[in-house]
Amino acid sequence: MLPLEYPRIAVIADAHFHDLYADYGFPGIAQDDRRLTFRLLADTARSTRVFNESYFAFHHALDDVAERGIRHVVLLGDYSDDGQVETVSGVKRVLDSYAARFGMRFYATVGNHDIFGADGRHRSKRFLNEDGGYSILSSDPHLRDRGAHTVIASDRMYCKGYPDGLDAMADFGFYPRTGDLHWETPFGIDGDPAARFYEVNSPDGNTTRRLMDASYLVEPFAGVWLLMIDANVFVPVDGVTPGEEGDLADSTGAGWNAMLVHKRFVLDWMADVARRARLEGKCLLAFSHYPVLDPLDDTVEDEVALLGRTGMVERIPKIDVAEALIAAGIDIHFSGHLHVNDTAQYRSGGRFLTNVAMPSLVAFPGAYKVLTIDDKRIDIETVGIEAMPIDDDLRQGYRREVLPSRLEAGGLLEVDDYGGFLFAHLGHLVGRRYLKREWPKDIAAMIRALDLADLATLALIEEPVAAVDAMAAIAAARTDMSLQQRLSAHLLKHGSEIGALHGISALEFLADWYRLRMGSELALDWINEQKIASYLAVGNLFADRDGDGPDAVQAQFTLIFRMFSNYISGLPSRNFSIDRITGVIEPTLRTS
């Protein structure tokens, strides 16, 4: 008979830890009695994640885990900034400290930022100088940068490959250790890297490489099996000699799609593990860095129609992945990689597969999850770290950079807590990154120029309008009294009014669109009810349209608002339970 409840497990994804106080072979900047190796705010402002804050976010999350009395912690890949030797060593120092002080045991799997192929690869980063300029640290001694004060070659910046890149993390699940009740790999019970190699072929079949797979199964306490999948896939590149630069392509964009092609042996092993788990009455939970289901609430087709094949779309698994995992007997899988907080489920042949997509510690909304397992269900609680204060070392460092460079920080330096910083960071990215890189220029121009009332007006213009004519058409419709009266009546019916819409820019709406995309229901803590009502009211206007061709600008905004509606109406993703037998997902109020 299974015990009623097992020890709780904390799951942390995409910590992307950068050790601010480590020695990378660069003097850095002096603050008080310490020296900091400080990443540029200019780089943070263009990145989908924050950098320096990761040091404090990782410690804050682990402090919270310790305070809750949790002793088992899963690290769901991308535990390091970019796999640099010194950074991974910093992760080890942190984990060793919490293991020694609190008796924590860690179970890690690798992500695309932690390790690369057989031989590794060079890494280069910009770091702040005392005068507000920057120097570059690189493991590549041949790198040059005209804007840098200096370029410093440092082997501490190198990202190692398999198996050397796992050495620093050897005590955190990748190899057998005292205290685990059971441990194995797809190759057996021998943890020696030499016993864990497989062959992978180039697309043209002319090159074959032997690479290590770091997957393992562990039973940390009686009754629960953690299936830790190494879903990194490195494929030989056609025509490139092994050992040359660029000889391997990674699976940053392919993930599980590539697993089905190049690492089928892992799927076979997973099926055997799942069969044994059922026979022995074990609760089996699967973890890998990459999602096995679409975490974007079935919006991929709309995104392709609107934006083309974006980087996010390229990372979404095909339905073949879900079918393969269901066939293997996997019911529940946890993923990171996309920094999205979401719950997705797929059913086929009377079975179910649930993917719990984990938020990152270094991107909005910033959280980890706690699992409480009993013999009937799994309760999942999402724990935000938004209340963490912004450390004064960060404020001082950013002031050194911003004053001489006149960097437009977009509100990032005007907040007091980490949640506000991540909220502002994502809003800043919309204008600085996403609109520039991914959105059609005509739609981006409209979003920069219009407010929500203008978009509502556009929805009520009966004739389809081409993007090139949209601004003029909206300007004319602003003075169409009949149209404006219909708009006011519609808004009133849906709990909004025209004044509220005039107070929200289209750019502000798009920032909230991205926040809901990344945070699902966690984003609702940051977007007030009146705004949500206004967004939904405008979305209803576009949803009521019929017959617009794909070239009509109204059709494009229909997609935008339909995606918003999907983001806001998905499965529970904050606190919820999964029935272990039926797969039924229900929201819960339980907190630990």
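Computed from a prediction, not measured in an experiment: that's the story for all the values here.

**Topic: the sheet that holds strand β1 (residues 9-12)**
Okay, so step 1: The mixed open sheet is built from seven strands, whose spatial order is β5-β4-β1-β20-β21-β22-β23. The sheet terminates laterally at β5 (105-109) and β23 (585-587), the two strands that pair on one side only. Put simply, the sheet's adjacent strands are angled 25° from each other on average, direction ignored.
Okay, so step 2: As defined by bridge partners, β1 adjoins strand β20 (residues 367-373) across three bridges and the pair is classed as antiparallel.

**A look at the nonpolar core**
Okay, so step 1: By size, the foremost hydrophobic cluster in this structure holds 164 residues, and its most contacted members are Trp439 and Phe557.
Okay, so step 2: Considering every element that reaches this core, the biggest residue donor is helix α11 (residues 418-437), with nine residues.
Okay, so step 3: When residues no more than four places from it in sequence are discounted, the contact partners of Trp439 are Leu306, Leu307, Tyr434, Ala444, Ile447, Leu510, Trp513, Tyr514 and Ile560.
Okay, so step 4: Listed in part, the 33 residues of the second largest apolar core include Trp225, Ala231, Ile330 and Tyr346.

**Observations concerning the packing of aromatic side chains**
For any pair of aromatic rings, the description consists of the separation of the ring centres together with the inter-plane angle of the planes.
Okay, so step 1: Evaluation of the coordinates by the stated rule reveals 31 aromatic pairs.
Okay, so step 2: Taken together, the aromatic side chains of Phe509, Tyr535, Phe542, Phe557, Phe561 and Phe564 make up a single cluster linked through ring pairs.
Okay, so step 3: The ring of Phe51 has Arg39 sitting right over it, with the charged end atom 3.9 Å from the ring centre.

**Description of the pattern of salt bridges**
Okay, so step 1: Across all of its chains, the model carries 39 salt bridges by this definition.
Okay, so step 2: Of the charged contacts, one joins Asp379 and Arg377 as a salt bridge, the two residues approaching to 2.8 Å between their closest N and O atoms.
Okay, so step 3: Overall, the relative accessible area of 33% leaves Arg377 in the partly exposed class.
Okay, so step 4: Between Arg574 and Asp525 there is a salt bridge whose closest N-O contact spans 3.0 Å. One end of the pair, Arg574, is in the loop between α19 (553-568) and β22 (576-579); the other, Asp525, is in the loop between α17 (506-519) and α18 (529-543), with 49 residues separating them in the sequence.
Okay, so step 5: Because the salt bridges share partners, they merge into one network encompassing Glu184, Asp272, Arg275 and Arg276.

**Brief notes about helix α13 (residues 452-460)**
Okay, so step 1: Burial analysis of α13 places nine of its nine residues in the buried class, which makes it a mostly covered element.
Okay, so step 2: The N-cap of α13, judged by a side-chain oxygen 3.1 Å from the amide nitrogen of Ala453 a few residues on, is Asp451.

**So, the sheet that holds strand β9 (residues 182-184)**
Okay, so step 1: Strands sit in the order β9-β12-β13-β16-β17-β19-β18 across an open sheet of seven strands; the sheet is mixed. For this open sheet the edge positions go to β9 and β18 (342-348), each flanked by a neighbour on one side alone. Going from strand to strand, the sheet's axes swing by 20° on average, the running direction of each strand aside.
Okay, so step 2: Against the sheet, helix α6 (residues 264-280) contacts β9, β12 (216-221), β13 (224-229), β16 (283-288) and β19 (351-357), and its axis sits at roughly 175° relative to β13.
Okay, so step 3: Across the face of the sheet, helix α9 (residues 319-327) comes into contact with β18 and β19 while running at roughly 70° to β18.

**What to know about the packing of helix α2 (residues 53-67) against helix α3 (residues 85-102)**
Okay, so step 1: Axis separation between α2 and α3 bottoms out at 12 Å; the angle between their running directions is 20°. Looking at the two axes, α2 sits roughly parallel to α3. By crossing handedness, the relation of α2 to α3 is classed as right-handed. For the pair α2 and α3, the contacting residues are Phe58, His59, Leu62, Asp63 and Ala66 in the first and Val94, Leu95, Tyr98 and Phe102 in the second.
Okay, so step 2: Looking at the contact of α2 with α3, its residues break down into seven nonpolar, one polar and one charged.

**Considering the packing of helix α7 (residues 300-307) against α19**
Okay, so step 1: Contact geometry of α7 with α19 gives a least axis separation of 10 Å together with a crossing angle of 150°. Judged on the interaxial angle alone, α19 and α7 are roughly antiparallel. Remark: the crossing between α7 and α19 carries left-handed chirality. Judged by residue contacts, Asp302, Glu303, Ala305 and Leu306 of α7 engage Gln556, Leu559, Ile560, Arg562, Met563 and Tyr567 from α19.

**Comments concerning the environment of Ala500**
Okay, so step 1: Locating Ala500 in the fold gives a position in helix α16 (residues 498-502).
Okay, so step 2: Residue Ala500 is classed as buried on the basis of its relative accessible area of 17%.
Okay, so step 3: For the pair formed by Ala500 and Gln530, sequence separation is 30 residues and the distance between their alpha carbons is 8.1 Å.
Okay, so step 4: Apart from the residues lying within four places of it in its own chain, the contact partners of Ala500 are Gln530 and Ser534.

**Focus: the side chain of Arg49**
Okay, so step 1: If you trace the backbone, Arg49 turns up in the loop between α1 (41-44) and α2.
Okay, so step 2: A polar atom in the side chain of Arg49 sits 3.5 Å from the side chain of His16.
Okay, so step 3: Once you skip the residues sitting within four places of it in the chain, Arg49 turns out to touch His16, Thr44, Asp81, Asp82, His113, His339, Val362 and His425.

**Observations concerning the pairing of strand β10 (residues 197-201)**
Okay, so step 1: Residues Tyr198 and Val200 point to one face of β10 and are all buried, whereas Phe197, Glu199 and Asn201, pointing to the other face, are not buried.
Okay, so step 2: Relative to strand β11 (residues 208-212), β10 is paired through five bridges, and the arrangement is antiparallel. Counterpart to Phe197 in the pairing with β11 is Met212.
Okay, so step 3: Linking two consecutive strands that pair antiparallel, namely β10 and β11, is a turn of six residues; a positive phi of about 80° is found at Gly205 within it.

Calculation rules
Residues numbered from 1 in each chain as written. Predicted model: local features only at pLDDT ≥ 70, side-chain atom pairs only at ≥ 80, totals over all residues. Heavy atoms only, no water. Pairing = 2+ DSSP bridges. Helix = DSSP H or I, 4+ residues; strand = E, 2+ residues; numbered from the N terminus. Axes fitted to C-alpha atoms, helices over the stretch in contact; angles between N-to-C directions. Core = buried A, V, L, I, M, F, W, Y, C linked by side-chain atoms within 4.5 Å. Buried < 20%, exposed > 50% of the residue type's maximum accessible area, 1.4 Å probe, protein only. Contact = heavy atoms within 4.5 Å. Phe/Tyr/Trp six-rings, centres within 6.5 Å; stacked < 30°, edge-to-face > 60°. Lys NZ or Arg CZ within 6 Å of the ring centre and 35° of its normal. Salt bridge = Lys/Arg side-chain N within 4 Å of Asp/Glu carboxyl O. Polar contact = N/O pair within 3.5 Å; in protein donor to acceptor, adjacent residues only side chain to side chain. Parallel < 35°, antiparallel > 145°, perpendicular 65-115°, else oblique. Left-handed = near helix turned anticlockwise from the far one by under 90°. Nonpolar A, V, L, I, M, F, W, Y, C, P; charged D, E, K, R; others polar.

Purely geometric stuff here, so don't read any function into it on its own.
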